[in-house]
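What follows is the residue order along each chain.
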Amino acid sequence: MVVAPTIAIVILNWNGRTYLEKFLPFVTAGIHPGVEVIVADNASTDDSVSFIKGAYPQIRLITLDRNWGFAGGYNEALRQVKSDYYVLLNSDVEVTPGWVGPIIDLMEKDPSIGACQPKILMYDDRNFFEYAGAAGGWLDYLGYPFARGRIFDVCEEDRGQYDTAQPVFWASGAALFIRAALFHELGGLEPFFFAHQEEIDLCWRIQLAGYKVYACPASVVYHVGGGTLPKGNERKVFLNFRNNLIMMAKNLPLRQLLWKIPFRFILDSVSAWKSLFAGEAIYFVAIAEAHLAFLKWLLIGRKKSVFPKKRRGTLYGWYTRSIVWQYFVVGKTTFTEIMKGKS
């Protein structure tokens with residue numbers, strides 16, 4: 001008899017009582033044996049904990065001693081969770097009936113798939129892909145992330161153009177399925193990041209370890225997005241730029257690292273000065289602080305980071321050209337347009 005795998009859906013919460021009240025009913029509806037729903041609370045100061053205890057006594061509650069951020073929070077919580085699969089689910093995600101099955105079926109049939117994501121659409125405009133992952137993430141050769149259905153701030157309308165399950169570079173942390181044993185084997189999420197791009201770093205390490213990352217559009221969820229740090233927030237800009245540079249420094253081969261990091265400094269600086277002249281000094285300051293923080297990490301912070309265990313895997317979803325050039329210079333704004341000219 002085939003034994004069904006165990007699945008832990010883990011929602012990391014920080015002051016998100018409103019989201020929990022709104023979206024937990026969708027998560028708990030139709031849960032079958034072998035699936036456990038867990039809320040890990042990152043030391044919230046609102047009434048999230050009391051709400052869960054009162055309204056959802058059947059849900060396991062893990063309370064953390066402080067706000068560890070997205071990466072550290074999940075690392076701390078998942079040390080206390082035993083399961084075959086973890087599903088890292090944002091509190092601001094509305095799931096659809098049967099959303100778990102297609103992904104678990106896909107991963108069960110192919111043991112080489114280490115992580116996977118569903119199709120992620122906008123909560124407020126359900127015909128469009130959502131920024132954080134869309135139909136599966138890619139990375140260009142200079143470390144800039146984009147996705148099937150989302151190039152920089154342009155999110156495409158979903159017309160079924162990306163409905164094929166296929167390997168990608170990274171799966172979104174908004175709804176990330178991952179083999180539990182692999183998560184722990186690779187050291188979990190990068191704790192130094194706190195938040196932003198930690199899932200890309202993890203998926204890079206997954207691929208270097210010889211596994212694949214997939215997008216499975218047969219599963220669909222709707223993501224509010226920006227629930228913790230709104231778009232344009234200085235902290236968010238800082239974390240994105242700093243973490244992206246650290247991610248490259250950890251995962252790229254040395255021969256690429258030696259020229260790509262300096263080149264990225266130049267490109268980031270161009271973006272910073274452009275923002276300053278446009279009256280957006282907040283971006284200029286955040287990028288400058290990110291560069292300084294990266295150099296500090298390079299000198300004294302590297303020992304605290306999680307590096308790839310192996311470097312033998314094939315990288316899928318790796319774009320060998322510049323997404324910046326294609327978007328800002330050539331004017332291509334959709335994934336399909338860009339892939340027509342890929343090398």
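Source: prediction; values computed, not measured. (Residues numbered from 1 in each chain as written. Predicted model: local features only at pLDDT ≥ 70, side-chain atom pairs only at ≥ 80, totals over all residues. Heavy atoms only, no water.)

Asker: Mind showing me how you'd approach the packing of aromatic side chains here?
Answerer: Two numbers describe a pair of aromatic rings. These are the distance of the centres and the angle of the planes. Counted according to the given criterion, the structure contains 25 aromatic pairs. Relative to Tyr 319, the ring of Phe 146 has its centre 5.9 Å away and its plane inclined at 80°; by these criteria the two rings are edge-to-face. Within this pair, whereas Phe 146 is found in strand β8 (residues 145–147), its partner Tyr 319 is found in strand β14 (residues 318–319), the two being separated by 173 residues in sequence. Accessibility assignment for this pair places Phe 146 and Tyr 319 in one class, buried. Aromatic pair Phe 294 and Trp 297: ring centres 6.0 Å apart, planes at 25°, arrangement stacked. Within this pair, Phe 294 and its partner Trp 297 are both found in helix α9 (residues 281–301), separated by three residues, close to a single helical turn. Taken as a pair, Phe 294 and Trp 297 share a single burial class, namely buried. In this structure, Arg 66 packs its charged tip against the face of Trp 68, placed 3.6 Å from the ring centre. One residue, Arg 150, lies across the ring of Tyr 131, its end atom 3.9 Å from the ring centre. (Phe/Tyr/Trp six-rings, centres within 6.5 Å; stacked < 30°, edge-to-face > 60°. Helix = DSSP H or I, 4+ residues; strand = E, 2+ residues; numbered from the N terminus. Buried < 20%, exposed > 50% of the residue type's maximum accessible area, 1.4 Å probe, protein only. Lys NZ or Arg CZ within 6 Å of the ring centre and 35° of its normal.)

Asker: Please explain the packing of helix α7 (residues 234–251) against helix α8 (residues 254–277) as it appears in this structure.
Answerer: In contact at an axis separation of 10 Å, α7 and α8 are set at 165° when each is read in the N-to-C sense. With respect to their mutual orientation, α7 and α8 come out roughly antiparallel. The hand of the α7/α8 crossing is right-handed. Two secondary-structure elements touch here, α7 through Phe 241, Asn 244, Leu 245, Met 248 and Ala 249 and α8 through Leu 257, Lys 260, Ile 261, Arg 264, Phe 265 and Asp 268. Among the residues making up the contact of α7 with α8, the classes are represented as seven nonpolar, one polar and three charged. (Axes fitted to C-alpha atoms, helices over the stretch in contact; angles between N-to-C directions. Parallel < 35°, antiparallel > 145°, perpendicular 65-115°, else oblique. Left-handed = near helix turned anticlockwise from the far one by under 90°. Contact = heavy atoms within 4.5 Å. Nonpolar A, V, L, I, M, F, W, Y, C, P; charged D, E, K, R; others polar.)

Asker: Looking at this structure, how should I read the environment of Gly 317?
Answerer: Its place among the elements puts Gly 317 in the loop between α9 and β14. C-alpha of Gly 317 to C-alpha of Glu 337: the two residues are 20 residues apart in sequence and 15 Å apart in space. Those residues within four positions of Gly 317 in sequence are excluded, and the remaining contacts are Trp 138, Leu 139, Val 168 and Phe 169.

Asker: Would you mind showing me how to read α8 here?
Answerer: Owing to its 3.6 residues per turn, the α-helix brings residues three or four apart onto one side. A rise of 1.5 Å per residue sets the reference length of α8, with its 24 residues, at 34 Å; its end C-alpha atoms lie 35 Å apart and thus fit the reference within 8%. Where α8 bends most, the angle comes to about 25°, and this point is Lys 260, followed within four residues by the proline Pro 262. Those residues of α8 lying buried are Leu 257, Lys 260, Ile 261, Arg 264, Phe 265, Asp 268, Ala 272 and Ser 275. Packed against the buried residues of α8 are α7, α9 and β14. Gly 279 occupies a position one or two residues after α8 and carries a positive phi of about 85°. (Expected span 1.5 Å × (residues − 1). Bend = angle between axes of the 7 residues up to and from the residue.)

Asker: Help me understand unusual backbone geometry in this model?
Answerer: Glycine aside, residues mostly have negative phi, and peptide bonds are mostly found in the trans state. The residue Ala 43 is not glycine, and still its phi comes out positive at about 60°. With respect to the helices and strands, the residue Ala 43 is situated in the loop between β2 (35–41) and α2 (48–55). For Ala 43, a relative accessible area of 26% translates into the label partly exposed.

Asker: Just checking my understanding: could you explain helix α10 (residues 323–330) for this structure?
Answerer: Within the sequence span of α10, burial applies to Ile 323, Gln 326 and Tyr 327. All buried residues of α10 lie within an arc of 85° about the axis, which places them on one face of the element. Residues Trp 325, Phe 328 and Val 329 are exposed on α10 and point more than 90 degrees away from its buried face. At the N-terminal boundary of α10, the capping side chain belongs to Ser 322, with an oxygen 3.3 Å from the backbone nitrogen of Val 324. (Arc of directions from axis to C-beta. Polar contact = N/O pair within 3.5 Å; in protein donor to acceptor, adjacent residues only side chain to side chain.)

Asker: I'm lost on the pairing of strand β13 (residues 212–223) in this one. Help?
Answerer: The side chains of a regular strand alternate between both faces of the sheet. Burial analysis of β13 places 11 of its 12 residues in the buried class, the great majority of the element. When strand β5 (residues 93–95) meets β13, the two strands line up antiparallel, connected through three bridges. Bridge pairing in β13 links Glu 94 to Tyr 222. Inspection of the sheet shows strand β6 (residues 113–122) paired to β13 by nine bridges, in the parallel sense. In the strand pairing of β13, Lys 119 is matched with Val 220. (Pairing = 2+ DSSP bridges.)

Asker: Just checking my understanding: could you explain the packing of helix α1 (residues 17–28) against α2 for this structure?
Answerer: The relative placement of two packed helices comes down to the angle between their axes together with the axis-to-axis distance. Viewed as axis vectors pointing N to C, α1 and α2 meet at an angle of 25°, and their least axial separation amounts to 9 Å. For the element pair α1 / α2, the angle class is roughly parallel. Note that α1 runs across α2; the crossing there is right-handed. Where α1 approaches α2, its residues Arg 17, Leu 20, Glu 21 and Leu 24 are matched on the opposing element by Ser 48, Phe 51 and Ile 52.

Asker: Hey, could you run me through the pattern of salt bridges in this one?
Answerer: Side chains that differ in charge, positive against negative, can pair when their charged atoms come close. According to the stated counting rule, one finds 11 salt bridges in the structure shown. In this structure, Asp 47 engages Arg 17 in a salt bridge whose closest nitrogen and oxygen atoms are separated by 2.6 Å. A residue pair is termed long-range when its members are at least 10 positions apart, and Asp 47 in the loop between β2 and α2 and Arg 17 in helix α1 qualify at 30 residues. A single salt-bridge network, built from bridges that share partners, covers Glu 190, Asp 201, Arg 205 and Lys 250. (Salt bridge = Lys/Arg side-chain N within 4 Å of Asp/Glu carboxyl O.)

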